[in-house]
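# Descriptive analysis of the structure
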Amino acid sequence: MILITGGAGYIGSHINKRLNEQGFETVVFDNLVYGHREAVRWGILETGDLADQNRLYEIFKKYPIDGVFHFAAYAYVGESVLKPSKYYNNNVVNTLHLLDAMGKYQVKNLVFSSTCATYGVPEQMPITEEMDQRPINPYGASKLMIERILADYHQAYGLNYCCLRYFNAAGADPQGEIGESHTPETHLIPLILEAAAGDRDAIRVFGTDYPTRDGSCIRDYIHVTDLADAHLRAMEYLRNGGDSACMNLGNCVGNSVLEVIRAAEEVTGRAIPSIMEERRAGDPPILVGDAKRAQNLLGWKPQYGDIRVILEHAWKWYCNKKF
Ligand code: UDP
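Summary of the structure given here. (Residues numbered from 1 in each chain as written. Predicted model: local features only at pLDDT ≥ 70, side-chain atom pairs only at ≥ 80, totals over all residues. Heavy atoms only, no water.)

Taking 1.5 Å per residue, 12 residues should reach 16 Å; helix α1 (residues 10-21) reaches 17 Å between its end C-alpha atoms and fits that length. Taken across its 12 residues, α1 has 9 buried, putting it largely inside the fold. Those residues of α1 not exposed but buried are Tyr10, Ile11, Gly12, Ser13, His14, Ile15, Asn16, Lys17 and Leu19. Lining the buried residues of α1 we find β1 (2-5), β2 (26-30), β4 (67-70), β6 (160-166), β7 (168-170) and α7 (224-239). Just past α1, the residue Gly23 takes up positive phi, approximately 90°. (Helix = DSSP H or I, 4+ residues; strand = E, 2+ residues; numbered from the N terminus. Expected span 1.5 Å × (residues − 1). Buried < 20%, exposed > 50% of the residue type's maximum accessible area, 1.4 Å probe, protein only. Contact = heavy atoms within 4.5 Å.)

Right, let's get into the site of the ligand. Around the ligand sit 15 residues in total, of which Leu188, Arg204, Phe206, Arg280 and Asp283 are the nearest. Residue Phe206 places a main-chain N or O atom 2.9 Å away from an oxygen atom belonging to the ligand. Within the contact set of the ligand, an oxygen atom lies 2.9 Å away from a side-chain nitrogen or oxygen of Arg219. Taken by itself the ligand offers 510 Å² of open surface, and the protein chains cover 86% of this. Those elements that place two or more of their residues in the shell around the ligand are α6 (188-197) and β8 (203-206). Looking at the shell around the ligand, the element that brings in the most residues is β8, giving 4 residues. In the shell around the ligand, the residues fall into 8 nonpolar, 3 polar and 4 charged. (Near = heavy atom within 4 Å. Polar contact = N/O pair within 3.5 Å; in protein donor to acceptor, adjacent residues only side chain to side chain. Areas by Shrake-Rupley, 256 points an atom, 1.4 Å probe, with all protein chains shown as cover. Nonpolar A, V, L, I, M, F, W, Y, C, P; charged D, E, K, R; others polar.)

Moving on, we come to the sheet that holds strand β11 (residues 245-249). Strands sit in the order β3-β2-β1-β4-β5-β6-β11 across an open sheet of 7 strands; the sheet is parallel. The sheet is open, and its two borders are formed by β3 (44-47) and β11, each paired with just one other strand. On average, adjacent strands in this sheet sit at an angle of 20° to one another, irrespective of strand direction. Together, β1, β2, β3 and β4 form the strand contacts of helix α2 (residues 53-62), whose direction differs from that of β3 by roughly 155°. (Pairing = 2+ DSSP bridges. Axes fitted to C-alpha atoms, helices over the stretch in contact; angles between N-to-C directions.)

Turning to the packing of aromatic side chains, a few remarks are in order. This model, assessed by the stated rule, comprises 8 aromatic pairs. Seen from their ring centres, Tyr34 and Tyr76 are 5.5 Å apart, and the 70° between their planes marks the pair as edge-to-face. Taken as a pair, Tyr34 in the loop between β2 and β3 and Tyr76 in the loop between β4 and α3 (77-82) lie far apart in primary sequence, 42 residues in all. Given the relative accessible area of 32%, Tyr34 is considered partly exposed. The structure contains a cluster of three or more aromatic residues connected by ring pairs, namely Tyr34, Tyr74, Tyr76 and Tyr87. The ring of Tyr74 is capped by Lys86, whose NZ or CZ atom sits 4.7 Å from the centre of that ring. Over the aromatic face of Tyr57 sits the side chain of Lys104, whose NZ or CZ is 4.5 Å from the ring centroid. (Phe/Tyr/Trp six-rings, centres within 6.5 Å; stacked < 30°, edge-to-face > 60°. Lys NZ or Arg CZ within 6 Å of the ring centre and 35° of its normal.)

Below is the structure:
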């Protein structure tokens, strides 16, 4: 059985769906602070917090867990700067609880949700895994600390892991059963769609003076279903004896904020009012990931690389949102 911490969240719920489609049995462990009960439409939901070690031991005792996907974390970059204690406790300390429970119950394989925010502001694009990791906020630092802890647990205790460093997760389940829903919402694509639907007055473009082709920031948007596919492959890889590794998950293609807005106008058929604003603090101009390592080690290839397809699926979800 597979344990998914944070499986009621955006990315975790898509992995949960895919695992069940492939015939795995899953237990979702989520405190439902940001996750949605309605997103857990497959497997078993156990509510609880990773801070509560006894509750965690209960779960490992109750189910024959033989692999873990770890998504549970806080992920608001701006908040992490203002409240680092919240981020280091929830993301780092609580991960130690999970790892200790895995050790106690001899569960060896872990797929960890890491991020391109661990790289900070790299000098070269696209970003490869060998490049320096110098996070510029506590959120990215908390994820990097976990990567380091996993490497040490691997050496000392034989834990096997894959750290998957996502670029910008986007889109929604193509069948429209689950999708992206954050409160508060800070991500570009859901905010653009809110503006397209008339649920928000306009989209604010954070910075038009970056050294990019149109002055707005460039990001590598990767479909959440492609992420789900990579996660399943990563667990399979570990079960087949693959070496522990860190891998980027991206399309190696960048889209600017203005390009995403234009593509969303085409996909939705609506005009999207845009307001040009100052830069947002802490935003690197360009982040694009080289994912050759994941392609080589996992045989992974994104199926939904086109930003229009990502937007189509996100729009379909937005128009029929269930949570
Ligand atoms: N962005 C924007 N307006 C918004 C939200 C985001 O212009 O209302 C920009 C942001 O500056 C970044 C890109 O969109 O360049 C993606 O931001 P998001 O918060 O979705 O993800 P991040 O790259 O911060 O992980």
